[in-house]
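# Structural overview
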Amino acid sequence: MPSKEPFHARWSRLAKDLSPLCVGLDPAPATLAAWGLDETPDGVRRFCLSLLDACEGHVAVVKPQVAFFEAFGPAGFEVLAEVMEDARRRGILVIADVKRGDIGTSTAAYARAWLETSGSGFRADAITAHAYLGVEALRPLFDTAAANGGTVFVVVRSSNPEGAGLQNADHSGRPVADVVADGIAKVNHAFPGEVPASAVMGATLGEEAKRTLALMPKALFLVPGLGAQGASLDDIASLFGSAADRAIPTASRSVAHAGPDAAALRSAVATLAREARRLQG
Ligand SMILES: O=c1ccn([C@@H]2O[C@H](COP(=O)(O)O)[C@@H](O)[C@H]2O)c(=O)[nH]1
């Protein structure tokens, strides 16, 4: 059963004791093939359990990309539940990268499915979400996160080049991304001592992202784009500045490339985890 201690407190402790690094579990067809695994639910299971072996004792958190499990239908979701349970048993936090978001009534069902720690759902420690229907439409996710020691990483500025056009679009003289960031800050302001609303901020972003970051004084930042998308830990340190201790750098393909040899994989995870510790100051 996941702990109800707030996610930010659990992650901060693990980030200091081990590393802030998040390893992405992305069992993409090309990666499974490179590992000599079948493109089946069992191939996905083997891939993820090998990565978890490599991560244990080195990283704070893993991030299964739900799309690669969902691709197999119900059997994929069974593997996802098993992998999440295995991570929990090893003391590794789980961010389910599921990017949900809808009107409030539907969002409430997503909250039950992903963030409630009792019940029949997936019981993630944290999830990702989209705010295109409005930050306030995500309210059931924030409330459920707060009640269950979770957090919701809302996409504010993504790491992919296609995101900037929409995220920089003008909204009453300000970029849409900054309006979403304001919404996140407002949610957190109403929860003293807790951080139910967090942000996805890509590692690949330019200077304009610094202003957006400054709008979210309490939020944690999930930071994809490290490695395969071209960003480095130096880029993250310089982009986040004094907020680097709230950055959760996440890498998927660049870590998986070190496998499937168990020793090589564990060594790659250990090295990146050690390097990422400097973000903690
Ligand atoms: O802005 C975003 C949001 C999410 N992602 C996801 O993160 C990983 C990145 O994988 P890499 O192999 O380390 O590039 C993947 O699951 C994406 O769907 C993102 O890249 N950017």
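This structure is a prediction, so every number in the text was calculated from the model and none was measured. (Residues numbered from 1 in each chain as written. Predicted model: local features only at pLDDT ≥ 70, side-chain atom pairs only at ≥ 80, totals over all residues.)

### What to know about the site of the ligand
Every one of the 17 residues lining the ligand counts as a neighbour, but Gln65, Ser158, Pro224, Ser252 and Arg253 are closest to it. A per-class count over the shell around the ligand returns 4 nonpolar, 10 polar and 3 charged. (Near = placed C-beta within 6 Å. Nonpolar A, V, L, I, M, F, W, Y, C, P; charged D, E, K, R; others polar.)

### Topic: the UniProt feature "active site" (unreviewed entry) in the chain
In this structure's numbering, the residues bearing the UniProt feature "active site" (unreviewed entry) are Lys99. Residue position: Lys99 is located in strand 3 (residues 93–100). Here Lys99 falls in the partly exposed class, since 16 other C-beta atoms lie within 10 Å of it. (UniProt positions renumbered as here; feature names shortened; annotations may be inferred. Helix = DSSP H or I, 4+ residues; strand = E, 2+ residues; numbered from the N terminus. Buried ≥ 20, exposed ≤ 12 C-beta atoms within 10 Å, placed from the backbone.)

### A few points about the UniProt feature "domain: Orotidine 5'-phosphate decarboxylase" (unreviewed entry) in the chain
The UniProt record annotates "domain: Orotidine 5'-phosphate decarboxylase" (unreviewed entry) at residues 20–268. From the first C-alpha to the last, residues 20–268 spans 15 Å; its make-up is 43% helix and 18% strand.

### Notes on the pairing of strand 8 (residues 197–201)
The buried fraction of strand 8 amounts to 5 of the 5 residues, a majority that puts the element mostly inside the structure. Taking every second residue as pointing to the same face, both faces of strand 8 are buried, with Ala197, Ala199 and Met201 on one and Ser198 and Val200 on the other. Alignment of strand 8 against strand 9 (residues 221–224), held across 2 bridges, turns out to be parallel. Bridge pairing in strand 9 links Val200 to Leu222. (Pairing = 2+ DSSP bridges.)

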